[in-house]
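Commentary on secondary and tertiary structure
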Amino acid sequence: MADYDVLNVSDVRRIRDMRRKRKRYLPRLDIFRNYDDVNFRNRYRFTKENARRVIELVRPTLYENEDNRGLSIPIETQVLTALRYYVRSGYQDNTADLHNISQASASRIITNVSAAIAGLAPYYVRFPSEEKRISTARKFYDIARFPQVIGAIDGTHIPITNPGGELSQIYMNRKGWYSLNVQVISDASFQILNVVAQSGGSTHESRIFNESRIKEQFEQDEFGPFILLGDGGYGVQKYLLTPLRNPETQQEQMYNTSHKKTHNVIERCLGCWKGRFRCLTKNIGTSLRTAKNIIVACAVLHNLAVIWKEELEDIYFEEEADNGNGQHEEIMTEEKGHIFRQQFIQQHF
């Protein structure tokens, strides 16, 4: 005779049902009270006041999700969870542990919050209005006396995990790792005016620009006499000026020097952007769609940080510049651009 009781099927089911009903809830932390101002900003890149402003911007889009334990997650916790992921690029489980939520909940939150913030891009990532274009060009001119500039353009590779599928090779860049080649245009104040986060790492920068909406706008003369500055990887156009490969005259050398100093704005902008949000420097371990939303969301948040005058000094680092010598598959028709560039040099330098 055994010295323990034998459980029948009904007993097993009853115990199982009791265990299912016995839920354990982790306490929700009040992050705003848990950290002082300095530690809060170190963790989330925003002051408490500005973090609350971000929360209010996305509150109409979000709702208090139910996690897998049935416990409501406040919108404040959702937004801070996403911010922490952007800032440290961490792993989702580390971000989840910090906020006392499950990893699965953190994953869903990052997806939802990223989509909500990216949805603000039409309001916070855009070219200056007609009334502000002159002042934008003036700030560029003050750098190295290069006239009529409204933006500096460049591409940067954001690492992602292998998206898989038949088209995965499109996302492998020439250095052998998977990435999105993201086109960014900035002004002289480091605000991002345009971001295109759709192309795989193997796509050349000139092709991204040729297929972008912003090129259509310049082709349609929506920005008048104002121009972009790009490096040697782009084809020269009357609205996109690049440096001369072999300057000969003093005027041409002055043009190249001024161009280099002025175009450097975009490299510094990319450095500040990636310095704020380190997820842009490491593999974004999400679906491809969410990774694109995260990139755009970080552009929105970067611009908000610039507008709200969040300090940059402690997070700035220099973006590795492209030497502009990359070869491109598409060869653009540049004769008119070359002629315009020479006339521009003669007139202004």
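Predicted model, so just to flag it, every value in this text is computed and none were measured.

**Description of the packing of aromatic side chains**
Evaluated as defined, the whole model comprises 10 aromatic pairs. Look at Phe-32 and Phe-40: their rings are 5.2 Å apart centre to centre, the planes differ by 25 degrees, and that puts the pair in the stacked class. Each member of the pair, Phe-32 as well as Phe-40, carries the same accessibility label: buried. Aromatic side chains Phe-218 and Tyr-239 sit 5.7 Å apart centroid to centroid with 20 degrees between the ring planes, which places their arrangement in the stacked category. Taken together, the residues Phe-218 in helix 11 (residues 213-219) and Tyr-239 in the loop between strand 4 (227-229) and strand 5 (240-241) connect sequence positions 21 residues apart.

**Remarks on the nonpolar core**
Ranked by size, the top nonpolar core spans 76 residues in total, and within it Tyr-86, Val-182, Trp-273, Phe-277, Ile-295 and Leu-301 carry the most contacts. Looking at which element gives the most residues to this core, the answer is helix 13 (residues 288-307), with 11 residues. Apart from residues lying up to four places away in sequence, Ile-295 is in contact with Ile-158, Leu-180, Val-182, Ala-197, Trp-273, Leu-280 and Ile-284. If you look at the next biggest cluster of nonpolar residues, it comprises 15 residues, including Ile-153, Phe-218, Phe-226 and Leu-240.

**What about helix 4 (residues 48-58)?**
Taken residue by residue, helix 4 has Lys-48, Asn-50, Ala-51, Val-54, Ile-55 and Val-58 as its buried positions. Looking down the long axis of helix 4, one finds its buried residues gathered within 165 degrees of arc, a one-sided arrangement.

**Section: the packing of helix 12 (residues 250-276) against helix 13**
One way to put it is that helix 12 packs onto helix 13 with a least axis distance of 10 Å and a crossing angle of 105 degrees. Judged by the angle between their axes, helix 12 and helix 13 are roughly perpendicular. On the side of helix 12, the interface is formed by Cys-269, Cys-272, Trp-273 and Arg-276, while helix 13 contributes Ile-295, Cys-298, Ala-299, His-302, Ala-305 and Val-306. A per-class count over the contact of helix 12 with helix 13 returns eight nonpolar, one polar and one charged.

**Here's the deal with unusual backbone geometry**
The phi dihedral of Gln-148 is positive, around 70 degrees, even though this residue is not glycine. In this structure, Gln-148 sits in the loop between helix 9 (133-144) and strand 1 (149-159). Classification of Gln-148 as partly exposed rests on a relative accessible area of 25%. Even without a glycine there, the phi angle at Asp-221 is positive, about 65 degrees. Mapped onto the elements of the fold, Asp-221 is located in the loop between helix 11 and strand 4.

Rules used throughout
- Residues numbered from 1 in each chain as written.
- Predicted model: local features only at pLDDT ≥ 70, side-chain atom pairs only at ≥ 80, totals over all residues.
- Heavy atoms only, no water.
- Phe/Tyr/Trp six-rings, centres within 6.5 Å; stacked < 30°, edge-to-face > 60°.
- Buried < 20%, exposed > 50% of the residue type's maximum accessible area, 1.4 Å probe, protein only.
- Helix = DSSP H or I, 4+ residues; strand = E, 2+ residues; numbered from the N terminus.
- Core = buried A, V, L, I, M, F, W, Y, C linked by side-chain atoms within 4.5 Å.
- Contact = heavy atoms within 4.5 Å.
- Arc of directions from axis to C-beta.
- Axes fitted to C-alpha atoms, helices over the stretch in contact; angles between N-to-C directions.
- Parallel < 35°, antiparallel > 145°, perpendicular 65-115°, else oblique.
- Nonpolar A, V, L, I, M, F, W, Y, C, P; charged D, E, K, R; others polar.

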